[in-house]
Amino acid sequence: MLEFEKQLTKEKHVSRELHVISNIPKPRQPKPDWLKIRLGDPTNQNHVLKLIEDLNLHTVCQEARCPNIFECWSDRTATFMLGGDICTRHCGFCAVGKGEPGSLDDEEPRHVAEAVQQLNLAHTVITSVNRDDLPDGGAAHWAATVREVRILNPSCRIEVLIPDFNGDEEALNTVLDAQPDVLNHNTETIARLYRRVRPDADYQQSLTLLRRAADRRDREGRGMLTKSGIMVGLGEEFEEVVELMKDLRQASCEIMTIGQYLQPHARRLPVERYVTPEEFERWREIGMQMGFKHVESSPLTRSSYHARQQAEGEPRRRQDQPQIFADVRG
């Protein structure tokens, strides 16, 4: 009976994944020149990989097949991913494995802190898979990790890229109690595309999370920054992105990232179009006029790309002139 139930669960997961993918296959479009990436120095890449493997950690750089992995790992940087490498949700864009995750690793918070220390990071980004199987969505594990990183690395700025915790305000407060420096939660796409792109999520719920985080920060007089990011090229119109930016500002979001969606493999949503660098620059200009402290908007931008510069308010740098820093997510 147990094996039968496992098979039904597996079939349900596969069915849910296929639901968000179009039944009409589209030929892959050739990538434009502006999406070419630099491979970087394999020496530092191998150093980061060995450190991650030795501490039994996972990174978004690997699991999400990030296009900036070579640049970031060459600079001995990585974004740590908590909770394993299996996600309980079925987003149509994400390369991370779906299914039933295993138990949390109690040593993971300490191992992340040790990795941050060994890489001598000034700004670290920590994210996770969705863990809807846990009563608190993994919030306590999140908080423990932030605290461990703070103990071993008191001068390191900590940015958390969190899930929505199914709208659970108590879970959000558990993470906020640990006092991260930057609270990042991605809206990922415009409201109209949520059913196709994020079938297990809710647009308004994500905005509410950001608003709650900003409200608590303001009540307590903290310096924490709030942040969100989206992908484009999934079928949205230019003005729909502008409307989303307005929604984020109304939720007191201060930093925004906008990057090109790239299909990680054939079972994920296809790219509807490649957005031009000129459009990305226009969104950046519009966002700054709206009052964002920083808008990182370019084809290769990802949620934590140039994260330290964003948090510190440094001038934006061209992506073809990478700097050595220790904070970016690919």
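All values reported here derive from a predicted model rather than from experimental measurement.

A. Region of the structure containing the nonpolar core. Core analysis: the biggest nonpolar cluster contains 41 residues, and Val232, Val241, Leu248, Met256, Ile258 and Trp283 have the highest contact counts within it. Mapped by element, the contributors of at least two residues to this core are helix H8 (194–197), helix H9 (203–220), strand E8 (225–232), helix H10 (238–250), strand E9 (255–260) and helix H11 (277–290). In terms of residue count, H10 provides more of this core than any other element does, five residues in total. Once residues within four sequence positions are removed from consideration, Leu248 is found in contact with Thr187, Leu207, Leu210, Ser228, Cys253, Met256 and Phe292. The next biggest cluster of nonpolar side chains, apart from the first, holds 28 residues, and it includes Val116, Val149, Val175 and Leu209.

B. The pattern of salt bridges, seen in detail. Taken as a whole, this structure holds 19 salt bridges when the rule is applied. Taking the shortest distance from any N to any O, the salt bridge between Asp164 and Arg89 comes out at 2.7 Å. Residue Asp164 is found in the loop between strand E6 (157–161) and helix H7 (169–177), and its partner Arg89 is found in the loop between strand E3 (86–87) and strand E4 (97–98); the two are separated by 75 residues along the sequence. In terms of burial, Asp164 and Arg89 fall into one category: buried. Arg110 is paired through a salt bridge with Glu114; the nearest N and O atoms lie 2.8 Å apart. Taken as a pair, Arg110 and Glu114 lie in helix H5 (residues 108–119) at a separation of four residues, close to a single helical turn. Here the salt bridges share partners, and the residues they tie into one network are Asp177, Arg216, Glu220 and Arg222.

C. Structural view of the packing of H10 against H11. H11 packs onto H10 with a crossing angle of 30° between their chain directions and a minimal axis gap of 11 Å. Here H10 lies roughly parallel to H11, going by the angle between them. Handedness of the H10/H11 crossing: right-handed. Residue-level inspection shows Phe238, Val241, Val242, Met245, Lys246 and Arg249 of H10 in contact with H11, the latter providing Glu279, Arg282, Trp283, Ile286, Gly287 and Met290. Among the residues making up the contact of H10 with H11, the classes are represented as seven nonpolar, one polar and four charged.

D. Structural view of the pairing of E8. The element E8 is largely enclosed, with a buried count of eight among its eight residues. Of the two faces of E8, both are covered, the one formed by Leu225, Lys227, Gly229 and Met231 as well as the one formed by Thr226, Ser228, Ile230 and Val232. Strand direction decides the pairing type here: E8 and E9, joined by six bridges, are parallel. Across the sheet, the residue bridging to Lys227 is Ile255, located in E9. Running through H10, the crossover from E8 to the neighbouring parallel element E9 is right-handed.

Reading the values: the criteria
Residues numbered from 1 in each chain as written. Predicted model: local features only at pLDDT ≥ 70, side-chain atom pairs only at ≥ 80, totals over all residues. Heavy atoms only, no water. Core = buried A, V, L, I, M, F, W, Y, C linked by side-chain atoms within 4.5 Å. Buried < 20%, exposed > 50% of the residue type's maximum accessible area, 1.4 Å probe, protein only. Helix = DSSP H or I, 4+ residues; strand = E, 2+ residues; numbered from the N terminus. Contact = heavy atoms within 4.5 Å. Salt bridge = Lys/Arg side-chain N within 4 Å of Asp/Glu carboxyl O. Axes fitted to C-alpha atoms, helices over the stretch in contact; angles between N-to-C directions. Parallel < 35°, antiparallel > 145°, perpendicular 65-115°, else oblique. Left-handed = near helix turned anticlockwise from the far one by under 90°. Nonpolar A, V, L, I, M, F, W, Y, C, P; charged D, E, K, R; others polar. Pairing = 2+ DSSP bridges. Right-handed = clockwise from strand over helix to strand, strands pointing away.

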